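Inside the fold
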Amino acid sequence: MDKNKGLHGISREKLILLLRETRKESENVVAALSNDDLSREVIIRYDREDWNRTQPTNRCTEETYDTRVIGRLLIQVSAHYGYHAGQIVVLAKMLQDTQEHVTGQYH
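Here the structure is a predicted model, which means the values were calculated and not measured.

Quick look at the overall build of the chain now. The number of helices and strands found in the chain is four helices and two strands. Pairs at least 24 apart in sequence give 37% of the contacts found in the chain among residues at least 6 apart. As displayed, the chain offers around 9600 Å² of accessible surface, 54% of which is attributable to carbon and sulfur atoms.

Okay, the pairing of strand E1 (residues 41-45) next. Along E1, only zero of the five residues are buried, which leaves the element largely exposed. Pairing geometry for E1 and strand E2 (residues 65-69), over five bridges, is antiparallel. Looking at the pairing, Ile 43 lines up with Thr 67 of E2.

Size it by volume and the second largest pocket reaches roughly 390 Å³. Along the walls of the second largest pocket sit Leu 19, Thr 22, Arg 23, Ser 26, Val 29, Val 30, Leu 74, Val 77, Ser 78 and Tyr 81, which together make up its complete lining. Within the residue set of the lining of the second largest pocket, elements represented by two or more residues are helix H1 (12-31) and helix H4 (70-96). Tallying contributions element by element places H1 first for the lining of the second largest pocket, with six residues. Here the residues of the lining of the second largest pocket sort into six nonpolar, three polar and one charged.

As a further point, take the side chain of Thr 64. Along the chain, the position of Thr 64 falls in the loop between helix H3 (48-54) and E2. Thr 64 sits in the buried class, given a relative accessible area of 5%. A distance of 2.4 Å separates a polar atom in the side chain of Thr 64 from the backbone oxygen of Tyr 46.

A separate point is the environment of Asp 50. Tracing the sequence through the fold places Asp 50 in helix H3. With 14 residues separating them along the chain, Asp 50 and Thr 64 place their C-alpha atoms 9.2 Å apart.

If you walk through the whole model with that rule in mind, you get zero aromatic pairs. When the ring centre of Tyr 65 is taken as reference, the NZ or CZ atom of Arg 45 above it lies at 6.0 Å.

Basis of the calculations
Residues numbered from 1 in each chain as written. Predicted model: local features only at pLDDT ≥ 70, side-chain atom pairs only at ≥ 80, totals over all residues. Heavy atoms only, no water. Helix = DSSP H or I, 4+ residues; strand = E, 2+ residues; numbered from the N terminus. Contact = heavy atoms within 4.5 Å. Areas by Shrake-Rupley, 256 points an atom, 1.4 Å probe, with all protein chains shown as cover. Buried < 20%, exposed > 50% of the residue type's maximum accessible area, 1.4 Å probe, protein only. Pairing = 2+ DSSP bridges. 1 Å grid on protein atoms, 1.4 Å probe; cavity = no way out; pocket = protein on both sides within 12 Å on 5 of 7 lines; lining within 4 Å. Points joined across faces, edges and corners; volume = space filled by probe spheres on them. Nonpolar A, V, L, I, M, F, W, Y, C, P; charged D, E, K, R; others polar. Polar contact = N/O pair within 3.5 Å; in protein donor to acceptor, adjacent residues only side chain to side chain. Phe/Tyr/Trp six-rings, centres within 6.5 Å; stacked < 30°, edge-to-face > 60°. Lys NZ or Arg CZ within 6 Å of the ring centre and 35° of its normal.

Structural measurements only, silent on function.
So, in structure tokens, the structure goes:
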């Protein structure tokens with residue numbers, strides 16, 4: 001595997017650019033939310049396969065959806081993202097056999 005490319009051929013530079021673009025777009029969306037938006041409830045629809053894979057209850061045959069308040073959903077998504085970012089850092093350190101700060105930031 002090319003050291004500068006991931007498993008799917010995306011260069012380090014391209015991945016960093018995609019992550020920065022995604023972060024900027026996310027910042028713009030969150031900045032545009034009002035206090036009323038943060039307390040508004042939304043419906044999240046799932047396909048049946050995803051729903052059944054993540055729910056501890058019996059297999060559902062009805063419509064699969066959940067409702068969430070936007071403010072709480074943002075916290076959940078942030079925590080989820082942080083969890084996976086930590087996994088990426090640990091794996092990168094393992095693959096490079098280093099204890100250095102692989103992202104250039106302190107962890």
